[in-house]
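Here is what each chain is made of, one letter per residue.
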Amino acid sequence: MEAEQLQFIFSLFSFVGVIGILFYLILAKAKSDEQTELVEILEQKLTSLHDYVYELEERSKIEKTPEQHELKQKIIEMFEEGKDLMVIENALDVPRAKIEMILKFHKLQTK
């Protein structure tokens, strides 16, 4: 009689173990599917962002006027002469952020 009870307890624990493993596998699959979906969404957003940046770059190439090009050259020349950013800002009446951006792009292009 005790052997039958012991066998029943072992089979009960085995059954609970199998159910636990199945439950774990189902949760792992759901989590994996969720992550795959998030990756796809992020890839779509990244593609959209690349398209938007390309569009802006193309638009910025078209909208450059000769005055903007001359201003850019003056800023670069004054910087290469060793003038301070504040002096360039006051002399040309251009915001400091724009001057820094122009100089940063110039440094990247000359490398």
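Throughout this document, residue positions are counted from 1 along each chain, in the order its sequence is written. Reporting in this predicted model follows two pLDDT cut-offs: at least 70 for local features of residues, and 80 or more for side-chain atom pairs to be given and counted; totals over whole chains, interfaces and linings ignore these cut-offs and use all residues. The side-chain values count all of the structure's non-hydrogen atoms but skip hydrogen atoms and water molecules.

## Describing helix α4 (residues 96-110)
Every helix listed is a DSSP run of H or I at least four residues long, and every strand listed is a run of E at least two residues long, numbered separately from the N terminus. Helix span is expected to be 1.5 Å times the residue number reduced by one. Between its first and last C-alpha atoms α4 spans 21 Å; for 15 residues at 1.5 Å apiece the expected length is 21 Å, and the two agree. Accessible area is worked out with a 1.4 Å probe on protein chains only. A residue is then buried under 20% of its type maximum, exposed over 50%, and partly exposed in between. Along α4, the residues classified as buried are Ile99, Ile102, Leu103 and His106. All buried residues of α4 project into a common sector of 95° when viewed along the axis, lining one side. Exposed and oriented more than 90 degrees from the buried face of α4 are Ala97, Lys104 and Leu108. Should any heavy atoms of two residues lie within 4.5 Å, those residues are counted as being in contact. Its buried side turned inward, α4 meets α2 (66-80) and α3 (85-92). Note that the arc is computed from the directions linking the helix axis to the C-beta atoms.

## Things to note about the confidence of the model for the protein chain
In regions of low pLDDT, the predicted coordinates are not meant to be interpreted in detail. When the pLDDT values of the protein chain are averaged, the result is 86; 94% of them are 70 or greater. Confidence of the predictor at the level of single residues is given by pLDDT, which spans 0 to 100. When the elements of the protein chain are averaged for pLDDT, α4 gives the smallest value, 82, and helix α1 (residues 2-63) the largest, 88.

## Concerning the nonpolar core
Nonpolar side chains tend toward joint burial in soluble globular proteins. Counting 9 residues, the largest nonpolar core consists of Ile75, Ile76, Met78, Leu85, Ile88, Val94, Ile99, Ile102 and Leu103. Those elements giving two or more residues to this core turn out to be α2, α3 and α4. Other than its neighbours up to four places away in sequence, methionine 78 contacts Lys83, Ile88, Ala91 and Leu92. Here, nonpolar core refers to any group of buried Ala, Val, Leu, Ile, Met, Phe, Trp, Tyr and Cys residues whose side-chain atoms link them within 4.5 Å.

## Observations regarding the pattern of salt bridges
Side chains carrying opposite charge are able to pair once their charged atoms draw close together. Only one rule defines a salt bridge in this text: a Lys or Arg side-chain nitrogen within 4 Å of an Asp or Glu carboxyl oxygen. Here the structure, examined in full by the defined rule, presents 4 salt bridges. Residue lysine 29 pairs with aspartate 33 through a salt bridge whose shortest N-O separation is 3.3 Å. Of the two residues, lysine 29 and aspartate 33 both sit in helix α1, 4 residues apart, roughly one turn of that helix. A residue is classified by how much of its surface remains accessible, and aspartate 33, at 39% relative accessible area, is partly exposed.

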